[in-house]
Amino acid sequence: MGRRNWKMHRQALQERRQALQERGAEDEDLALMEQTSDGAQSFLGMLRQEWGNFWKFVDGSLKMKIILVLCALLLIGTVTKIISDRVLYRQMDIVDAFAASDMGCVESRLQITADYGTAFLTEHDKQALLGYLADAIGVRMDAEIESRETEVSQIYSYTKQARQAATTIKAITLREDTSRTYLYVELEIYQDTEYDILNYRDIILDTLKEMGVKQAETTLQLLGAYPGKLPISEWDKLANTMIKNLSGKVIYENRDEELYTIYAYSNLLSEYITVENKKINMQVAMRYEADNDRTVLYLATPIIRGDW
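Everything quoted here is computed from the prediction, not taken from an experiment.

Visitor: I'd like to hear about the layout of surface pockets, residue by residue, with values.
Guide: A volume near 330 Å³ is recorded for the largest pocket. In terms of lining residues, the largest pocket is bounded by 18 residues, among which Q164, A165, L187, I189 and Y200 are the most central. For the lining of the largest pocket, the secondary structure elements donating two or more residues are β4 (165-174) and β5 (181-190). With 3 residues, the single largest contributor to the lining of the largest pocket is β5.

Written out as structure tokens, the structure reads:
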């Protein structure tokens, strides 16, 4: 056999061997698929048999039928509640509930407290933090930052009073842990008819996140007023409507005119506090101001801070 014919023959043998190997692999795959199919059919058969035995047991047990029906009703109720809260009302916020009262926003207040961490900060560092936060919300610092010390803390603060707003920014270091600094921002907007307080809340939280803050506590408070003195029945109507609009559950209430306040919990609001093992993230309060002859309403989350 010539060299050329030998090369051709060897190539043909290699091609044939490769073809046989591929065919063998296909046969193995086919056998494996058949085994897998047989196993699956066997498993499905066992499953069908067990399912049939279960329903035979249910058919013969009235108690089991009642339990299954109750479980189904409970599951349907739970799913319906989740859909109602998370889908139908997913855009609801404290502002939406307040606006539904048809009461203009006389004043809005935002308070945010954040743990900046344990890094040691100099006086210049703390002043720079205040300047960074002020710049983020468009507050021009045209006065000096105040510094004062108490028995428990060292505080650097800047306050600015404008015609339609008041801003306070603080950097607080506790004496018991001088390596940890807390940041505090308080913003009040007067005649906040467009609820701009929400935009500032988002700006401040985003800025804190950029600064490395992982968690911040937020309090949002809205104040509205009606002219004259409303009857207590109208107070109840307003409070119930706002709580209902937030799908809230009343935790504690005192509906006397002298001290009208209601604490509630809504899973539509993210933050909450715990009091006696109960979650609270909404407070409604009302009072009559005789000097101004008006009925004042407060709605806050999670609770009102300060006097009201």
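Visitor: So, the packing of helix α4 (residues 123-136) against helix α5 (residues 197-210): which residues are in play, and what are the values?
Guide: Following both chains from N to C, one finds α4 and α5 inclined at 140 degrees, their axes separated by 10 Å at the closest point. Relative to α5, α4 is oriented oblique. Relative to α5, the crossing made by α4 is right-handed. Between α4 and α5, the contacting residues are Y132, L133 and A136 on the first element and I203, T207, L208 and E210 on the second.

Visitor: Which residues make up α4, and what are the values?
Guide: Taking 1.5 Å as the rise per residue, α4 with 14 residues should run 20 Å; its terminal C-alpha atoms sit 20 Å apart, in good agreement. Those residues of α4 lying buried are K126, L129, L130, L133 and A134. One side of α4 carries all its buried residues, which in axial view fall inside an arc of 130 degrees. When the buried face of α4 is taken as reference, the exposed residues oriented beyond 90 degrees from it are H124 and D135. Positioned one or two residues after α4, G138 has a phi angle of 75 degrees, which is positive.

Visitor: Give me the lowdown on the nonpolar core, citing residues and values where you can.
Guide: Formed by 50 residues in total, the largest nonpolar core has its most connected members in F98, I197, L208, L222, L297 and L299. In terms of residue count, the dominant contributor to this core is helix α6 (residues 232-245) (5 residues). Setting aside residues up to four positions removed in sequence, L299 forms contacts with I94, A97, F98, L220, Q221, L222, M242, M282, Q283 and V284. Counting residues in hydrophobic clusters, the runner-up holds 6 residues, among them A285, V296, A300 and I304.

Visitor: Quick rundown of the environment of Y195? Include the residues and the values.
Guide: Among the secondary structure elements, Y195 is positioned in the loop between β5 and α5. In sequence terms Y195 and V95 are 100 residues apart; their C-alpha atoms lie 7.5 Å from each other. Those residues in contact with Y195, other than ones at most four positions away along the chain, are V95, F98, A99, M103, C105 and L222.

Visitor: Outline the pattern of salt bridges, listing residues and values.
Guide: Across all of its chains, the model carries 11 salt bridges by this definition. The salt bridge partner of R287 is E289, with a shortest N-O separation of 2.9 Å. Bridged by salt links that share partners, the residues E107, R109 and E188 form one connected network.

Visitor: Help me get a handle on the sheet that holds strand β6 (residues 216-227), residues and values and all.
Guide: Backbone-to-backbone hydrogen bonds join strands into a sheet, with any given pair of strands oriented parallel or antiparallel. Strand order in the open sheet formed by 10 strands is β2-β3-β4-β5-β1-β6-β12-β11-β8-β7, and the pairing between neighbours is antiparallel. Two strands bound the open sheet, and with one partner strand each, they are β2 (146-149) and β7 (249-256). On average, each strand axis in the sheet is inclined to that of its neighbour by 15 degrees, with strand direction left out of account. Across 9 bridges, β4 lies against β5 in antiparallel orientation. Pairing of T167 across the sheet is with L187, part of β5. Together, β1 (105-117), β5 and β6 form the strand contacts of α5, whose direction differs from that of β1 by roughly 5 degrees.

Definitions and limits used
- Residues numbered from 1 in each chain as written.
- Predicted model: local features only at pLDDT ≥ 70, side-chain atom pairs only at ≥ 80, totals over all residues.
- Heavy atoms only, no water.
- 1 Å grid on protein atoms, 1.4 Å probe; cavity = no way out; pocket = protein on both sides within 12 Å on 5 of 7 lines; lining within 4 Å.
- Points joined across faces, edges and corners; volume = space filled by probe spheres on them.
- Helix = DSSP H or I, 4+ residues; strand = E, 2+ residues; numbered from the N terminus.
- Axes fitted to C-alpha atoms, helices over the stretch in contact; angles between N-to-C directions.
- Parallel < 35°, antiparallel > 145°, perpendicular 65-115°, else oblique.
- Left-handed = near helix turned anticlockwise from the far one by under 90°.
- Contact = heavy atoms within 4.5 Å.
- Expected span 1.5 Å × (residues − 1).
- Buried < 20%, exposed > 50% of the residue type's maximum accessible area, 1.4 Å probe, protein only.
- Arc of directions from axis to C-beta.
- Core = buried A, V, L, I, M, F, W, Y, C linked by side-chain atoms within 4.5 Å.
- Salt bridge = Lys/Arg side-chain N within 4 Å of Asp/Glu carboxyl O.
- Pairing = 2+ DSSP bridges.

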